[in-house]
Amino acid sequence: MINQSMRALGEKRSVIRELFEYGRARKKEIGEDKVFDFSLGNPSVPAPNAVRDRLIALLQKGDPVRLHGYTSAQGDAEVRRAIAEYLNATHSAGVTADCLYLTAGAAASLTVSLTAILNPGDEVILLAPFFPEYRVFVERTGAKVIPVACREPDFQPDPSALAEAITERTRAVIVNSPNNPTGAVLTEENAKAMCQVLAEASARFGEPIYLIADEPYRELVWEGESVPYLPNLYPDTLVCYSFSKSLSLPGERIGYVLVSPRAKEFSALYAAVCGAGRALGFVCAPSLFQQLIPDVLGLTVDLSAYETNRRMLFESLTAYGFSVVPPSGEFYLFIKAPGGDANAFCERAKEQEILLVPSDDFGCPGYVRLAYCVTTEQIERALPAFGRLAKLCGL
Ligand code: PLP
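Residues numbered from 1 in each chain as written. Predicted model: local features only at pLDDT ≥ 70, side-chain atom pairs only at ≥ 80, totals over all residues. Heavy atoms only, no water.

**Quick word on the state of the cysteines**
For the coordinates displayed, the defined rule picks out zero disulfides. Lacking any disulfide linkage, C373 is separated from the closest cysteine sulfur, that of C346, by 16 Å. (Disulfide = S-S within 2.5 Å.)

Shown next, in the form of structure tokens:
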């Protein structure tokens, strides 16, 4: 018989994808400009010109066999060396090419890292609200999700709640900063407190508890915020990075896993990452895009469009009476559902052709997520609909 849990996953799309598909169909029905789709984190800002220029140069002048050929399973050594040099220059990270495993985006980085670490029956702590796919990635390994709520209203992780949730079966904690969906950026103080909790628990149980830093939004921070570099605070860290959001390349599927060179069992852990990449069929990340990376490290898309969108939406929605978590990073707004029922509120929003994602699958009911990585023009068109929605909700 086929695998029933895989069948169930295939038959039931994620709530985000479900809405995205609904939006596509609805746009065909009533017109592109009549649907205000804020469902998916699909960047609207184009990739930097340097990406296009470098790709053209590669296609015109590169060795066609190398360009489209297999690389080493863990990624081209020169590319990994360039990333290591960049990380060392930026974070004094002390990494080498052999700490890196190139992947098809952060999703692959996460499944590789989790598969490398977990055995059936293990526990993984997810700080709620969390990216819903984490649950799929964790449960596939036979491990169990243990949600731990972040503090409200700032949505910073709560180190004492984390300490209480750890058991001898805890193998990993996933930290996502800047956070999807809240926009919270982990403070240095909180990061240190969490790392202290993990170090003490690892010592108590005699086994490392891994910190998995999921960082596809690292560069998307607002108003002078910066994101603590966790491998410098905690040795048993794996960073799951991707160029999907910083360079607007989500469809090209390129990212990496960084295994901290200070991890206690570094060699075994890196070998397990390579093994997981092999077992999952993720060897050799897309070759053309691997070769692009050395020339675009440190570049980002023009972030000013996201800043404009964030400011415009935050100010307008707050003025309409919605309660919105002030975002410090990434491109989502987390909005309290008036009346407390996120699904009912999303249905009401749909009647105004506004597509928002209910927060239930993020492990934090009562909110909705709005992805503002859309054109500023869409936001301008959507504001009157938000005004009507506010009135319908009695705000
Ligand atoms: N992690 C988080 C928190 C995300 O929001 C996403 C995508 O939206 C991913 C991971 C997956 O990113 P990628 O497109 O690089 O696989």
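Next comes the rest of the account.
**Some details on the sheet that holds strand β2 (residues 100-103)**
The strand order across the open sheet built from seven strands is β2-β8-β7-β6-β5-β3-β4, with neighbouring strands paired in mixed fashion. With one partner strand each, in any of the chains shown, β2 and β4 (144-149) form the two edges of the open sheet. Averaged over all pairs of adjacent strands, the angle between their axes in this sheet comes to 20°, without regard to strand direction. Across six bridges, strand β3 (residues 123-128) lies against β4 in parallel orientation. Residue pairing in the sheet places E123 in a bridge with K144 of β4. (Pairing = 2+ DSSP bridges. Helix = DSSP H or I, 4+ residues; strand = E, 2+ residues; numbered from the N terminus. Axes fitted to C-alpha atoms, helices over the stretch in contact; angles between N-to-C directions.)

**Some words on the site of the ligand**
In the vicinity of the ligand there are 14 residues, among which N180, D214, Y217, S242 and R253 approach most closely. One of the backbone N or O atoms of A106 is found 2.8 Å from an oxygen atom in the ligand. Within the side chain of R253, one N or O atom sits 2.7 Å away from an oxygen atom of the ligand. In isolation the ligand has 390 Å² of accessible area, and contact with the protein removes 91% of it. Broken down by class, the residue content of the shell around the ligand amounts to six nonpolar, five polar and three charged. (Near = heavy atom within 4 Å. Polar contact = N/O pair within 3.5 Å; in protein donor to acceptor, adjacent residues only side chain to side chain. Areas by Shrake-Rupley, 256 points an atom, 1.4 Å probe, with all protein chains shown as cover. Nonpolar A, V, L, I, M, F, W, Y, C, P; charged D, E, K, R; others polar.)

**Quick notes on the pairing of β3**
With six of its six residues buried, β3 lies for the most part within the structure. Burial along β3 is two-sided: E123, I125 and L127 facing one way and V124, L126 and A128 facing the other are all buried. Note on the crossover from β3 through helix α7 (residues 133-139) to β4: the handedness is right-handed. (Buried < 20%, exposed > 50% of the residue type's maximum accessible area, 1.4 Å probe, protein only. Right-handed = clockwise from strand over helix to strand, strands pointing away.)

**Concerning the packing of aromatic side chains**
Per the stated rule, a full pass over the model turns up 14 aromatic pairs. Ring geometry for F334 versus Y367: centroids 4.5 Å apart, planes at 5°, classification stacked. Here F334, found in strand β9 (residues 332-336), pairs with Y367, found in strand β12 (residues 367-371); they are 33 residues apart in sequence, far enough to count as distant. Its relative accessible area of 0% is what places F334 among the buried residues. (Phe/Tyr/Trp six-rings, centres within 6.5 Å; stacked < 30°, edge-to-face > 60°.)

**Overview of the domain arrangement of the chain**
If you check the domain split of the chain, you get domain 1 (4-48 + 301-392) and domain 2 (62-295). Distance from the C-alpha centre of domain 1 to the C-alpha centre of domain 2: 26 Å. Facing 33 residues of domain 1, the contacting portion of domain 2 comprises 32 residues. Taken over both partners, the interface formed by domain 1 and domain 2 buries close to 2500 Å², and the fraction arising from carbon and sulfur atoms is 64%. Looking at the side of domain 1 facing domain 2, the largest losses of area belong to S328, E330 and F362, adding up to 25% of the total buried there. For the pair domain 1 and domain 2, the interface holds one salt bridge. Between R310 and E223 there is a salt bridge; the shortest N-O distance is 3.0 Å. (Domains from an automatic or database assignment. Contact = heavy atoms within 4.5 Å. Buried area = accessible area lost by both parts, 1.4 Å probe. Salt bridge = Lys/Arg side-chain N within 4 Å of Asp/Glu carboxyl O.)

**Quick look at the packing of helix α12 (residues 304-320) against helix α14 (residues 376-392)**
In helix packing, the relevant descriptors are the interaxial angle and the interaxial distance, both defined with respect to the helix axes. The contact between α12 and α14 brings their axes to 10 Å, and the two run at 15°. The angle between α12 and α14 falls in the class roughly parallel. The crossing of α12 and α14 is right-handed. Residues A305, T308, N309, M312, L313, S316, L317 and Y320 of α12 lie in contact with α14, whose contacting residues are T376, I379, E380, L383, P384, F386, G387 and A390. Per-class residue counts for the contact of α12 with α14 are 10 nonpolar, five polar and one charged. (Parallel < 35°, antiparallel > 145°, perpendicular 65-115°, else oblique. Left-handed = near helix turned anticlockwise from the far one by under 90°.)

**Here we look at unusual backbone geometry**
Of the consecutive residues A128 and P129, the connecting peptide bond is found in the cis state with omega at 0°. Counting through the fold element by element, P129 comes out in the loop between β3 and α7. With an omega of -10°, the peptide bond running from S177 to P178 counts as cis. Topologically, P178 is positioned in the loop between β5 (170-176) and α9 (188-205). With phi around 60°, F155 is a residue other than glycine that occupies positive phi space. Turning to its location among the elements, F155 is positioned in the loop between β4 and α8 (159-165). Located in the positive-phi region is S248, a residue other than glycine, with phi close to 55°. With respect to the secondary-structure elements, S248 resides in the loop between β7 (237-242) and β8 (255-259). Judged by relative accessible area, S248 falls into the buried class, the value being 12%.

**Some thoughts on the nonpolar core**
Counting residues in hydrophobic clusters, the biggest one holds 58 residues, and the most contacted among them are I83, L87, I125, V173, Y256 and L258. Per element, the largest residue contribution to this core is six residues, and it comes from α9. Sequence-distant contacts of I83, that is, excluding residues within four places in its chain, are made with L100, L102, Y256, I293 and L297. In terms of nonpolar packing, the next biggest core, distinct from the first, is built from 39 residues, M312, Y332, L333 and C346 among them. (Core = buried A, V, L, I, M, F, W, Y, C linked by side-chain atoms within 4.5 Å.)

**Some details on the sheet that holds strand β11 (residues 357-358)**
One open sheet accounts for three strands, arranged β9-β12-β11; its pairing is antiparallel. For this open sheet the edge positions go to β9 and β11, each flanked by a neighbour on one side alone. Along the sheet, α12 makes contact with β9 and β12, crossing β9 at roughly 10°.

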